Number of protein chains: 2
Amino acid sequence: MIGMPVDDIPTPALVVDLDALDLNIERLGLLLAQTGVRSRPHAKAHKCVEIARRQIAQGAIGICCQTVAEVEAFAAAGIVDILLTNEVTDPRKLARLAAISDDTRLGICVDSMMALELIAQARPRRVWDIYIEVDVGGARCGLKDPIAAVALAREVSRLGLNFAGLQAYNGKIQHLRNAAERKRATANTAAATRVFVQAFERAGLVPGVISGGGTGTVVFDCANGVLGEVQCGTYALMDADYRSLQSTPGPKFALALTVLASVIAVASDHVVIDAGLKALAFDSGMPAPRDLDQIAYGNPSDEHGILTAVQGASLPLLGERVHLIPGHCDPTVALHERLYAVRRGMVEEVWRPLARGVW
Amino acid sequence: MIGMPVDDIPTPALVVDLDALDLNIERLGLLLAQTGVRSRPHAKAHKCVEIARRQIAQGAIGICCQTVAEVEAFAAAGIVDILLTNEVTDPRKLARLAAISDDTRLGICVDSMMALELIAQARPRRVWDIYIEVDVGGARCGLKDPIAAVALAREVSRLGLNFAGLQAYNGKIQHLRNAAERKRATANTAAATRVFVQAFERAGLVPGVISGGGTGTVVFDCANGVLGEVQCGTYALMDADYRSLQSTPGPKFALALTVLASVIAVASDHVVIDAGLKALAFDSGMPAPRDLDQIAYGNPSDEHGILTAVQGASLPLLGERVHLIPGHCDPTVALHERLYAVRRGMVEEVWRPLARGVW
């Protein structure tokens, strides 16, 4: 398929524009080079080792993964510095992590004594970095109480493990619509993180690497002086949700990811395209047709979507192709076996998102 | 993994209860045996050849597929009677269909002259059955005008192709909450279908096999005397959406499909489980925790879901496992590389959903 024109790709197809991807990775690299904050991009957003390698070539110190299967796949593909930004409470999964190559330095998060004890029983081929996950407003995983976080860090040392830092991610604030709101929320998250840092310092412990942040807040994260590394994921591919955030100071990220679809049927008031619930994620809203301002996507079913025209605009014709900007890139990528990497209208590479549908 | 207890399966995991699956397939088989309507279950709902084989063993004449890749995969797995309930307007995809084994009898839908001309140019190894898709209220694909449908059928014959029948599916009415409403809507759909049948008869054409219907309306479909075959898909696995439909006369289908998840973190007011946007489809609402009436699932992110308790009920503990009933089975199945087929708490088989993320 290498060298094939984009218009010959069988649809629906996940397509990445390499010029836009390269630009995004370069822009984040430049921002972080200026601030001294390290970059550890989240690979759950793209699942592609080819993208991870590009990020590392532009200064990233390694990647984040969200599942054990992702860690296995990225380590097997040669990524040597991975932070698993998640809790693992299944001893069988910890045994799988313990078996990955000792070429890979692995960090792992904990927020409970039970998980820590299971980790202590694992026998990794290379000593793990233990990160205490703290809840700095995300209301998902993580300890809320700084005293409990200090106590868990002491247990890490008592068990002879290697305490490395704090996982302090607040996913909720990434998507606030307004930049001023995101700035204020990032400051609040940084303040919440500082409370943990101070508790560690008061207890005579070094808090280590503070890891967190994301695409929506990275400019503010870098200015706050709390995070040692940021975990941006979406910036590389982008999506309709992040695009709709009101202007942020700092780097602009281009839309690199689309789902290419074809018109397969034409009715009097709509056309039907071949991209529905199995080709696009809908949790962050409907996809946006690219280059078609007056056309709206709606009524997805498993394998179909409906395009309608507003204000008398012309709908695409039977057989015509449409690029859709997914609402949310991460779960959209996970739906596709292939990612067609294109430049100036030609397929340059075909990538395989890793660890799709396995955990 | 065969013989493994369900509680040892790595989570999140797609699990099918074989007793419930077998019961559902048997119940639909019995209903249709009584009515004389043929069963052609839709394989897009489960993507598993093991389920298709069970359906055929219980009287189904073959299956429906929704994509060319599904047709290829099910034909390669030995299914010899397939109706592709979709339009194909890409000559490269038609060439792929033309290359499938001549052991398989293939039906294909058309609703445009352009698609029909492309079909006429394909050189299948075995002559295809051409179905004209008609819009009987679904407002998706299909011709709305009976005169146009008759004209397209004449073109089928003129081009030397084999006109086989009408695809007359109305997806919109499957999910109407109330059984009386569904009954009325099914009668309206049958009346709309009859208008097409009469147009064919007036034109001196045999309308052939009329195919349509689904899990939500099958009891009414069978009573209407219009459909020659029904295309139920969900009934085999079931989901929370179909379960919530108000009582229908006729067979009750059991919930056979769950996503098994584990509690990986515990907070003061919620617990976090390891099944989110990449393990469950959310287009038909939140999944329902099974066996946990007072517990609600919410706030999915890529790899996480949040369980909260209503009315002071107890949340599951760290490490505990929870079965979730997906809102919509079709796109949930497509998210998973494996389907664990269990009986009485033990893994009996591990199935691979076919043609996931390819088209």
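Scroll up to find the structure.
Residues numbered from 1 in each chain as written. Chains lettered and ligands numbered in written order. Predicted model: local features only at pLDDT ≥ 70, side-chain atom pairs only at ≥ 80, totals over all residues. Heavy atoms only, no water.

Could you give an account of the overall build of chain A, with specific residues and numbers?
The helix and strand inventory of chain A stands at ten helices and 17 strands. For chain A, the C-alpha atoms occupy an extent of roughly 70 × 45 × 35 Å along the three principal directions. Taking all 359 residues of chain A together, 61% fall into the buried category. A sequence separation of at least 24 residues applies to 67% of the contacts in chain A between residues at least 6 apart. Carbon together with sulfur atoms contributes 52% to the accessible area of chain A, which is approximately 13,000 Å² in total. (Helix = DSSP H or I, 4+ residues; strand = E, 2+ residues; numbered from the N terminus. Buried < 20%, exposed > 50% of the residue type's maximum accessible area, 1.4 Å probe, protein only. Contact = heavy atoms within 4.5 Å. Areas by Shrake-Rupley, 256 points an atom, 1.4 Å probe, with all protein chains shown as cover.)

Break down the interface of chain A and chain B for me, citing the residues and quoting the values.
Across the contact, 53 residues belong to chain A and 53 residues belong to chain B. Roughly 4,300 Å² is buried in total at the junction of chain A and chain B, and carbon and sulfur atoms are behind 56% of that figure. Of all residues in chain A, A:Arg140, A:Lys278 and A:Trp359 bury the most surface against chain B, accounting for 16% of the area lost on that side. B:Asp8 serves as the salt-bridge partner of A:Arg92, at 2.6 Å between the closest nitrogen and oxygen. Summed over the shared surface of chain A and chain B, the result is 24 residue pairs in polar contact (both at pLDDT 80 or more). Elements that contribute at least two residues to the side of chain A that touches chain B include exactly helix H4 (91-98), strand E10 (257-266) and helix H10 (329-333) of chain A. For the side of chain A that touches chain B, the class distribution of residues is 18 nonpolar, 13 polar and 22 charged. (Buried area = accessible area lost by both parts, 1.4 Å probe. Salt bridge = Lys/Arg side-chain N within 4 Å of Asp/Glu carboxyl O. Polar contact = N/O pair within 3.5 Å; in protein donor to acceptor, adjacent residues only side chain to side chain. Nonpolar A, V, L, I, M, F, W, Y, C, P; charged D, E, K, R; others polar.)

A description of the nonpolar core should follow, citing residues and the corresponding values.
All names here are of chain B. Judged by nonpolar contacts, the single largest core of 101 residues is most densely connected at Leu21, Phe74, Leu97, Trp128 and Ile132. No other element matches helix H1 (residues 18-35), which puts seven residues into this core. When near neighbours in sequence (up to four residues on either side) are disregarded, isoleucine 132 contacts Val110, Leu143, Ala149, Leu152, Ala153, Val156, Phe163, Gly165, Leu166 and Gln167. (Core = buried A, V, L, I, M, F, W, Y, C linked by side-chain atoms within 4.5 Å.)

Report on the side chain of A:Ser262, specifying residues and quantitative values.
Residue and element names in this part refer to chain A. Here serine 262 lies in strand E10. Look at serine 262 and you get buried, because its relative accessible area is 6%. Here the side chain of serine 262 touches threonine 11 through a polar contact of 2.7 Å, side chain to side chain. Residue contacts for serine 262: discarding those within four places in its chain leaves Thr11, Val272, Ile273, Asp274, Glu320 and Arg321.

Please give an account of the layout of surface pockets that cites residues and values.
Its boundaries defined by the atoms lining it, the second largest pocket holds a volume of some 900 Å³. Contributing to the lining of the second largest pocket are 42 residues, with A:Arg140, A:Gly171, A:Lys172, A:His175 and B:Ser301 lying nearest its centre. Here the residues of the lining of the second largest pocket sort into twelve nonpolar, 20 polar and ten charged. (1 Å grid on protein atoms, 1.4 Å probe; cavity = no way out; pocket = protein on both sides within 12 Å on 5 of 7 lines; lining within 4 Å. Points joined across faces, edges and corners; volume = space filled by probe spheres on them.)

Tell me about the relation of the copies chain A and chain B, and please be specific about residues and values.
Superposing chain A onto chain B takes a rotation of 180 degrees combined with a translation of 0.0 Å along the rotation axis, leaving an RMSD of 0.0 Å. Such values leave the two copies arranged in the relation of a two-fold axis. It is A:Leu335 whose C-alpha, among those of chain A, lies nearest the rotation axis, at 3.3 Å. (Least-squares fit on C-alpha atoms with pLDDT ≥ 70 in both.)

If you had to explain the packing of helix H3 (residues 68-76) of chain A against H4(A) to someone new, which residues and values would you point to?
Residues and elements named next belong to chain A. At a minimum axis distance of 10 Å, the contact between H3 and H4 shows a crossing angle of 10 degrees. By the angle between their axes, H3 is roughly parallel relative to H4. Across from Val68, Ala69, Val71 and Glu72 in H3, the residues of H4 making contact are Lys93, Arg96 and Leu97. Residues belonging to the contact of H3 with H4 are distributed by class as follows: four nonpolar, no polar and three charged. (Axes fitted to C-alpha atoms, helices over the stretch in contact; angles between N-to-C directions. Parallel < 35°, antiparallel > 145°, perpendicular 65-115°, else oblique.)

Break down the packing of aromatic side chains for me, citing the residues and quoting the values.
Residues and elements named next belong to chain B. Under the criterion given, the structure shown has six aromatic pairs over all chains. A centroid spacing of 5.5 Å and a plane angle of 15 degrees characterise the contact between phenylalanine 163 and phenylalanine 200, whose relative ring orientation is stacked. With phenylalanine 163 in strand E7 (residues 162-167) and phenylalanine 200 in helix H7 (residues 179-202), the pair connects residues that are 37 residues apart, well separated along the chain. Centroid distance phenylalanine 282 to tyrosine 297: 5.8 Å. Interplanar angle 35 degrees. Geometry classified as tilted. (Phe/Tyr/Trp six-rings, centres within 6.5 Å; stacked < 30°, edge-to-face > 60°.)

I'd like a description of the sheet that holds strand E9 (residues 229-230) of chain B, backed by residues and values.
Within a sheet, adjacent strands bond to each other through the backbone by hydrogen bonds, running parallel or antiparallel. All names here are of chain B. Judged by pairing direction, the sheet is parallel, and its eight strands sit side by side in the order E2-E9-E8-E7-E6-E5-E4-E3 without closing on themselves. Among the strands making up the open sheet, the edge pair consists of strand E2 (38-39) and strand E3 (63-65). Across three bridges, the pairing between E7 and strand E8 (residues 209-212) is parallel. Paired with glutamine 167 across the bridge in E8 is serine 211. Of the strands in this sheet, strand E5 (105-110) and strand E6 (129-133) are in contact with helix H5 (residues 113-121), which crosses E5 at around 150 degrees. (Pairing = 2+ DSSP bridges.)

Outline the sheet that holds strand E8 (residues 209-212) of chain A, listing residues and values.
Residues and elements named next belong to chain A. With respect to topology, eight strands assemble into an open sheet ordered E2-E9-E8-E7-E6-E5-E4-E3, the strand pairing being parallel. The sheet terminates laterally at strand E2 (38-39) and strand E3 (63-65), the two strands that pair on one side only. Judged from the four bridges that link them, strand E4 (residues 81-84) and strand E5 (residues 105-110) form a sheet pairing that is parallel. Considered in E5, the bridge of leucine 84 is made with isoleucine 108. Along the sheet face, helix H5 (residues 113-121) touches E5 and strand E6 (129-133) and points at about 150 degrees away from the line of E5.

An account of the pattern of salt bridges is needed here, citing residue identities and associated values.
All chains considered together, the criterion is met by 44 salt bridges over all chains. Taking the shortest distance from any N to any O, the salt bridge between B:Lys278 and B:Glu303 comes out at 3.6 Å. Taken as a pair, B:Lys278 in the loop between strand E11 (271-273) and strand E12 (288-289) and B:Glu303 in the loop between strand E13 (295-298) and strand E14 (305-309) lie far apart in primary sequence, 25 residues in all. For the pair formed by B:Lys278 and B:Glu303, the shared burial category is buried. The network of salt bridges with shared partners includes A:Asp19, A:Asp22, A:Arg54, A:Arg343, A:Arg344 and A:Glu348.

Explain empty space enclosed by the protein to me, using residue names and the numbers behind them.
Under the defined criterion, the tally for this structure stands at eight cavities of 30 Å³ or more. Reported here for the largest cavity is a volume of approximately 190 Å³. If you go around the largest cavity, you meet 17 residues; those closest to its centre are A:Asn86, A:Glu87, A:Lys93, B:Thr11 and B:Asp274. Of the residues contributing to the lining of the largest cavity, the split by class is six nonpolar, six polar and five charged.

Quick one: what's the story with unusual backbone geometry, residue by residue and with numbers?
All names here are of chain A. Of note, the bond from threonine 11 into proline 12 is cis; its omega dihedral lies within 30 degrees of zero at -5 degrees. Tracing the sequence through the fold places proline 12 in the segment before strand E1 (13-17). Backbone geometry at asparagine 299 places phi at a positive 50 degrees, although glycine is not the residue there. Along the chain, asparagine 299 falls in the loop between strand E13 (295-298) and strand E14 (305-309). Judged by its relative accessible area of 59%, asparagine 299 falls in the exposed class.

What is shown is where atoms sit, not what they do.
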